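Listed below are the residues making up each chain.
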Amino acid sequence: MNDYVNITIDDRKIKARAGEKLLWVALDNDIYIPHLCAVREKERSNASCRLCFVEIEGMARPVTSCTQVVREEMVVRTRSTRIDRLVKTAFELLLSDHNLSCRECPANGNCELQKIAKERGLKLRQKRFKAIERDHTVDDSPDEFAFDPSRCVLCGRCIWADREEAGVGAIGFANRGINSVITTFEGVSLAESICTQCKLCVEACPVGAFYYKKDKKA
Ligand code: FES
């Protein structure tokens, strides 16, 4: 097998490592594709955020670039009417339940949602989907960091860091669908759980859900 394949993304000819996922090839070549849930080291992406859609010549429907392995002569488009509509809908659904007081957010200016909005010309405040009332109690029990579920986008990157990088397994998803949350076993506080406070979850969070207390704005 060749070590490299030749592909085209948005009319640019690119040499990509065989077996690599399309999302990382695009990003490594400064071609932006919105993404929240993908982790480079992870063999199979959850593909849960539904933001990284692209069109591939010969395929009837858009596909998620975080799950698509590059192949020789692949021709990819990162923008089209269909793609833009899919990304906009996924983005609006994510934001329908998101705490948008950005000025008070520890991740303000360094937030993946703000980046996606800027790159794709999307609004952070949307009116299309109605928010659901939930309990969003902040868990500030760890010494140096806290978890604010009202800012969580359920990308699962913190869970991956906790399990695979730290090897702990203190947090996971609970419930399903619109009731999904990230929590500890039996919902105890992080300090009461098996969390070692290694802070890899904070480093992995692309928004302001897991944050350092020193970065809190108000
Ligand atoms: Fe591909 Fe989330 S990054 S679906």
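About the thresholds
- Sequence order sets the numbering: in each chain, residues are counted from 1 along the sequence as written.
- Local features in this predicted model are restricted to residues whose pLDDT is 70 or higher, and side-chain atom pairs enter the listing and the counts only when it is 80 or higher, whereas totals over whole chains, interfaces and linings include all residues.
- Side-chain numbers come from the whole structure's heavy atoms, not from hydrogens or water.
- Lining residues are those with an atom within 4 Å of a point, where the points come from a 1 Å grid over the protein atoms alone and group into cavities, where a 1.4 Å probe fits but cannot get out, or pockets, open sets with protein on both sides within 12 Å along at least five of seven lines.
- Grid points are joined across faces, edges and corners, and a volume is the space filled by probe spheres set on the points.
- Note on conventions: DSSP H or I runs of at least 4 residues are helices, E runs of at least 2 residues are strands, and numbering of each starts at the N terminus.
- Three classes are used, and their members are as follows: Ala, Val, Leu, Ile, Met, Phe, Trp, Tyr, Cys and Pro are nonpolar, Asp, Glu, Lys and Arg are charged, and the others, Gly among them, are polar.
- Relative accessibility thresholds used throughout: buried, under 20% of the residue-type maximum; exposed, over 50%; partly exposed, between the two (1.4 Å probe, protein chains only).
- For two strands to count as paired, DSSP must find a minimum of two bridges between them.
- In this text, buried Ala, Val, Leu, Ile, Met, Phe, Trp, Tyr and Cys residues form a nonpolar core when linked through side-chain atoms within 4.5 Å.
- Only heavy atoms matter for contacts: two residues are in contact if any of them lie within 4.5 Å across the pair.
- What counts as a salt bridge is simple: a side-chain nitrogen of Lys or Arg found within 4 Å of a carboxyl oxygen of Asp or Glu.

1. Quick word on the layout of surface pockets
Estimates place the volume of the largest pocket at around 770 Å³. In terms of lining residues, the largest pocket is bounded by 30 residues, among which L94, V153, L154, G177 and I178 are the most central. Of all elements in the fold, only helix 2 (81-95) and strand 8 (181-184) reach the threshold of two or more residues within the lining of the largest pocket. Considering each element in turn, the lining of the largest pocket owes the most residues, three residues, to helix 2. Considered class by class, the residues forming the lining of the largest pocket number 19 nonpolar, seven polar and four charged.

2. Considerations on the pairing of strand 3 (residues 53-56)
Residue alternation in strand 3 divides its side chains into two sets, F53 and E55 and V54 and I56, and both sets are buried. The sheet contact formed by strand 3 and strand 4 (residues 63-64) spans two bridges and is antiparallel. Across the sheet, residue V54 finds its bridge partner in strand 4, namely V63. What sits between the antiparallel neighbours strand 3 and strand 4 is a turn of six residues, in which G58 has the positive phi angle 95°. Looking at chain direction, strand 3 and strand 5 (residues 75-77) are connected through two bridges and run antiparallel. Its bridge partner being in strand 5, E55 is matched across the sheet by R77.

3. Regarding the nonpolar core
The biggest cluster of nonpolar side chains holds 39 residues, and the ones touching the most others in it are L36, L51, F91, L113 and F210. Those elements giving two or more residues to this core turn out to be helix 2, helix 3 (112-120), strand 6 (145-147), helix 4 (157-165), helix 5 (200-204) and strand 9 (210-212). Leaving out residues up to four positions away in the same chain, L36 has contacts with C49, L51, L94, E112, L113, I116, V153, C155, R157 and P206.

4. Here's the deal with the pattern of salt bridges
For the structure shown, the criterion picks out eleven salt bridges. Linking D11 and R77 is a salt bridge whose minimum nitrogen-to-oxygen distance equals 2.8 Å. Placement of D11 in the loop between strand 1 (4-9) and strand 2 (12-17) and of R77 in strand 5 is noted, with a sequence separation of 66 residues between them. With relative accessibility at 60%, the residue D11 sits in the exposed group. Overall, the relative accessible area of 37% leaves R77 in the partly exposed class. One salt bridge connects E144 with K199, and the closest N-O pair in it is separated by 3.4 Å. One end of the pair, E144, is in the loop between helix 3 and strand 6; the other, K199, is in the loop between strand 8 and helix 5, and 55 residues separate them in sequence. When its relative accessible area of 45% is taken as the criterion, E144 is described as partly exposed. K199 gets classed as partly exposed once you look at its relative accessible area, which sits at 21%.

On their own, these measurements won't tell you what the molecule is for.
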